[in-house]
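Each chain is listed here by its residues.
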Amino acid sequence: MHNLIELTKNDLEAFVAEDLKEPRFRTEQIWQWLWQKRVRDIESMTNLSKPLREKVAAKANIIWPEIAQVATSKDGTIKFLLRLTDGKLIETVLIPMNDRYSQCLSTQVGCAMACTFCNTGKLGFERNLTYGEIMGQILVGRQYLEDQGMNPLKNLVFMGMGEPLLNLNTLIKVLTDLPCERGLSLSWRRSMVSTVGFPDKLKILGDLEIALPAISLHAPTQELRAKIMPKAAKVHLDDLMAAIKVYPMRQRERITFEYLLLKDVNDSLEHADQLARLIDRKKGKINLIAYNATEGMPYGAPDRDRVEAFEKRLWDHGLTAFIRRSMGSDIKAACGQLKAETIG
């Protein structure tokens, strides 16, 4: 049996033509039912004849990730604990932003990068998520918002559990199908792919021109990065910055650099000066994130005045930098807190 949400647009075309022996326009009909109308059973595809629905049902089904738990933060952030068909657990987060929501998507069960400030990294790596498991998170998020009468989902950030570029083939399929008009209809320009940075994989992503990356930098020198992100630092910072320098961008586009401020580790004015020497002010912008102190982790949250001083120092260097508001920390949904465990 095929789980229909595991089929890319091209896979569905092949399924319709080869397995069902049906004309191509049936692909568009089924695709719309799956991704735009979000049906959970084939019988609901009412513009297919009953015999055709029976033929599809004999060969396929529709299985979404199962919601195991939902937690809502005092700031409106919503975290879902999702159970996959093999019993594995992942998390995805809906983040309120004015009149819309952004969704933070996971790409792996666990993570192999083991960054010392990240809860997900403590889990280790179990497996990559499939196409349907990534896209299915969006179905769950959109349906929840609609059912609750809440603002719509407009933006995606691949910043949840896992390193997206280590699941690159699947990520490319997802980014390719997101804009389909009869599907999710989400432009890749509304998507951001967070990565610690792998030059060879960044080149593939850049050549396809289907995403702009957000680089999880978090340290302005190779030495400090090696201490707090030892596996990521196996790619030398010089090599990473060289890859970013040649990343194809349209006019007025810039690469986002994510910088998590850890108390007394990477939050001094000297670190800000080092960071300013690293980033091309014309091609990059810096997203500053104050670390949320997390039980069992070796770091503390930086003082607010120190965070603001860091931001101002970057401004003095002519860089575009802003402090990102921390969302969902009370339900362990903030940056670095995802761990796929029950809440409470």
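Residues numbered from 1 in each chain as written. Predicted model: local features only at pLDDT ≥ 70, side-chain atom pairs only at ≥ 80, totals over all residues. Heavy atoms only, no water.

Structural notes on the packing of helix α6 (residues 168-177) against helix α7 (residues 199-208)
Item 1. Relative orientation of the contacting elements α6 and α7 amounts to 20°, with a least axis distance of 11 Å. As the angle between them shows, α6 and α7 are arranged roughly parallel. Regarding α6 and α7, the two cross each other, and that crossing is right-handed. Each of L168, I172 and L175 in α6 lies in contact with α7, whose residues at this interface are K201, I204, L205 and L208.
Item 2. Residue composition of the contact of α6 with α7, grouped by class: 6 nonpolar, no polar and 1 charged. (Axes fitted to C-alpha atoms, helices over the stretch in contact; angles between N-to-C directions. Helix = DSSP H or I, 4+ residues; strand = E, 2+ residues; numbered from the N terminus. Parallel < 35°, antiparallel > 145°, perpendicular 65-115°, else oblique. Left-handed = near helix turned anticlockwise from the far one by under 90°. Contact = heavy atoms within 4.5 Å. Nonpolar A, V, L, I, M, F, W, Y, C, P; charged D, E, K, R; others polar.)

What to know about the pattern of salt bridges
Item 1. Per the stated rule, a full pass over the model turns up 22 salt bridges.
Item 2. Residues R53 and E43 are paired through a salt bridge, measuring 2.9 Å at the closest nitrogen-oxygen approach. With R53 in helix α3 (residues 50-59) and E43 in the loop between α2 (25-35) and α3, this residue pair connects regions lying 10 residues apart in the sequence.
Item 3. A salt bridge links R250 to E209, with the shortest nitrogen-to-oxygen separation between them at 3.8 Å. Residue R250 is found in the loop between α9 (237-245) and β12 (255-261), and its partner E209 is found in the loop between α7 and β11 (212-216); the two are separated by 41 residues along the sequence.
Item 4. Its relative accessible area of 42% is what places E209 among the partly exposed residues.
Item 5. Sharing partners across several salt bridges, the network here consists of E43, K50, R53 and E54. (Salt bridge = Lys/Arg side-chain N within 4 Å of Asp/Glu carboxyl O. Buried < 20%, exposed > 50% of the residue type's maximum accessible area, 1.4 Å probe, protein only.)

Remarks on the UniProt feature "active site" (unreviewed entry) in the protein chain
Item 1. Feature annotation in UniProt assigns "active site" (unreviewed entry) to the following positions: E91 and C335.
Item 2. Mapped onto the elements, E91 comes out in strand β5 (residues 89-97).
Item 3. Judged by relative accessible area, which is 0%, E91 ranks as buried. (UniProt positions renumbered as here; feature names shortened; annotations may be inferred.)

Structural notes on the pairing of strand β3 (residues 66-72)
Item 1. In this structure, β3 lies alongside strand β4 (residues 78-83), joined through 6 bridges in antiparallel fashion. Bridge assignment links E66 to a residue of β4, and that residue is R83. (Pairing = 2+ DSSP bridges.)

Re unusual backbone geometry
Item 1. The backbone phi angle of R38 is positive, close to 55°, even though this residue is not glycine.
Item 2. Looking at where R38 falls in the secondary structure, it is placed in the loop between α2 and α3.
Item 3. The exposure class of R38 is buried, given its relative accessible area of 10%.
Item 4. Non-glycine residue H218 carries a positive phi angle of around 70°.
Item 5. Considering the arrangement of structural elements, one finds H218 in the loop between β11 and α8 (222-228).

Some words on the UniProt feature "binding site: S-adenosyl-L-methionine" (unreviewed entry) in the protein chain
Item 1. Summarizing the sequence annotation, UniProt attributes the feature "binding site: S-adenosyl-L-methionine" (unreviewed entry) to G162, E163, S194, S216, L217, H218 and N292 in the numbering used throughout.
Item 2. Mapped onto the elements, G162 comes out in the loop between β9 (153-158) and α6.
Item 3. Residue classification places G162 among the buried residues on the basis of a relative accessible area of 15%.
Item 4. In contact with G162, not counting residues within four places along its chain, are T107, Q108, G110, C111 and T120.

A look at the packing of aromatic side chains
Item 1. Under the criterion given, the structure shown has 4 aromatic pairs.
Item 2. With centroids separated by 5.8 Å and ring planes inclined at 50°, the aromatic side chains of W31 and W35 adopt a geometry described as tilted. Here W35 and W31 lie together in helix α2, a separation of 4 residues that amounts to about one turn. The residues W31 and W35 share a single accessibility class, namely buried.
Item 3. Measuring from centroid to centroid gives 5.0 Å for F80 and Y144, while their planes differ by 85°, and the two rings are edge-to-face. Note that F80 is positioned in strand β4 and Y144 in helix α5 (residues 131-147), a separation of 64 residues in sequence. The pair formed by F80 and Y144 is uniform in burial state, with each residue classed as buried.
Item 4. The ring of W33 carries K37 above its face, with NZ or CZ at 4.0 Å from the centroid. (Phe/Tyr/Trp six-rings, centres within 6.5 Å; stacked < 30°, edge-to-face > 60°. Lys NZ or Arg CZ within 6 Å of the ring centre and 35° of its normal.)

Examining the sheet that holds β5
Item 1. The sheet built from 10 strands is open, its strands ordered β3-β4-β5-β6-β9-β10-β11-β12-β13-β14 with mixed pairing. One side of each edge strand has no neighbouring strand; the edge strands of this open sheet are β3 and β14 (320-324). Put simply, the sheet's adjacent strands are angled 25° from each other on average, direction ignored.
Item 2. Pairing between strand β13 (residues 284-290) and β14: 5 bridges, direction parallel. Looking at β14, one finds that L288 is bridged to I323.

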